Amino acid sequence: EPEVTQTPSHQVTQMGQEVILRCVPISNHLYFYWYRQILGQKVEFLVSFYNNEISEKSEIFDDQFSVERPDGSNFTLKIRSTKLEDSAMYFCASRLAGSTDTQYFGPGTRLTVL
Amino acid sequence: SQQGEEDPQALSIQEGENATMNCSYKTSINNLQWYRQNSGRGLVHLILIRSNEREKHSGRLRVTLDTSKKSSSLLITASRAADTASYFCATDPLDSKLTFGKGITLSVRP
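Everything numeric here is computed off the predicted structure, so don't read it as measured data.

**Examining the side chain of B:Q37**
Point 1. Inspection of the secondary structure assignment puts B:Q37 in strand β4 (residues 31–37).
Point 2. Residue class for B:Q37 comes out buried when judged on its relative accessible area of 8%.
Point 3. A polar contact of 2.9 Å, which involves the side chain of B:Q37, links it to the side chain of A:Q37.
Point 4. Only 2.8 Å separates the side chain of B:Q37 from the backbone oxygen of B:R41, close enough to count as a polar contact.
Point 5. Those residues within four positions of B:Q37 in sequence are excluded, and the remaining contacts are A:Q37, A:F91, B:G42, B:L43, B:A85, B:S86 and B:F88.

**Some remarks on the interface of chain B and chain A**
The extent of an interface is frequently quoted as the accessible surface area lost upon association of the parts.
Point 1. Contacts between the two partners involve 24 residues from chain B, matched on the other side by 19 residues from chain A.
Point 2. A buried area of about 1700 Å², summed over both sides, lies between chain B and chain A, and 50% of it is on carbon and sulfur atoms.
Point 3. Sorting the residues of chain B by area buried against chain A places B:L43, B:K97 and B:F100 first, and these three jointly supply 28% of that buried surface.
Point 4. The interface formed by chain B and chain A contains one salt bridge.

**Quick notes on the packing of aromatic side chains**
Residue and element names in this part refer to chain A.
Point 1. Counted under the stated rule, the structure contains 14 aromatic pairs over all chains.
Point 2. A centroid spacing of 6.4 Å and a plane angle of 80 degrees characterise the contact between F91 and F105, whose relative ring orientation is edge-to-face. Of this pair, F91 sits in strand β9 (residues 88–95) while F105 sits in strand β10 (residues 104–105), and the two are 14 residues apart along the sequence. F105 matches F91 in its accessibility class, with the two residues each being buried.

About the thresholds
Residues numbered from 1 in each chain as written. Chains lettered and ligands numbered in written order. Predicted model: local features only at pLDDT ≥ 70, side-chain atom pairs only at ≥ 80, totals over all residues. Heavy atoms only, no water. Helix = DSSP H or I, 4+ residues; strand = E, 2+ residues; numbered from the N terminus. Buried < 20%, exposed > 50% of the residue type's maximum accessible area, 1.4 Å probe, protein only. Polar contact = N/O pair within 3.5 Å; in protein donor to acceptor, adjacent residues only side chain to side chain. Contact = heavy atoms within 4.5 Å. Buried area = accessible area lost by both parts, 1.4 Å probe. Salt bridge = Lys/Arg side-chain N within 4 Å of Asp/Glu carboxyl O. Phe/Tyr/Trp six-rings, centres within 6.5 Å; stacked < 30°, edge-to-face > 60°.

In structure tokens, the structure reads:
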């Protein structure tokens, strides 16, 4: 069964460094998302992406964040200058089409900012 | 407003018993989804119920949706130790991003 994959599974970085989290959505899906989950808290929406542009972003998704679909398969989240409070699990999700379709989540990347 | 608030926050049952988890929400939705998360792992999609559906089954899972009360329930029948996990409801209003609740921690004792 097709699945969303994410790399790396765990990323440790120093405060102020740039990180890129990578996702490979399910191949025929059209809508892509990033969510994050700070330890012990809710899963929070960050950004949605469709047709090569951001369709919606949350207040969390400030100028330090960016997303890109550099080729036909990868979907990346970049954090330009990481802060301690960026430490969280980051989940990528994809959806085939239509708002009644299931969002399938990847296994997540645990980001630890020291 | 907060969406997708589950209750109880924690549930502990014996293997073989049924587990019922509830979710309430505040705004109109397109669909409601339930996910499972094992400790520190990813979100596994369990079931999606559309706003025009009232009940849905998948294996040992039964989901109900009452849009008049803005609530949903997830029933796991004949629970197993492997069902031990956190369960989240996630609502999809009309704009496709999911809003998650805080989750319910289910412990199934062998």
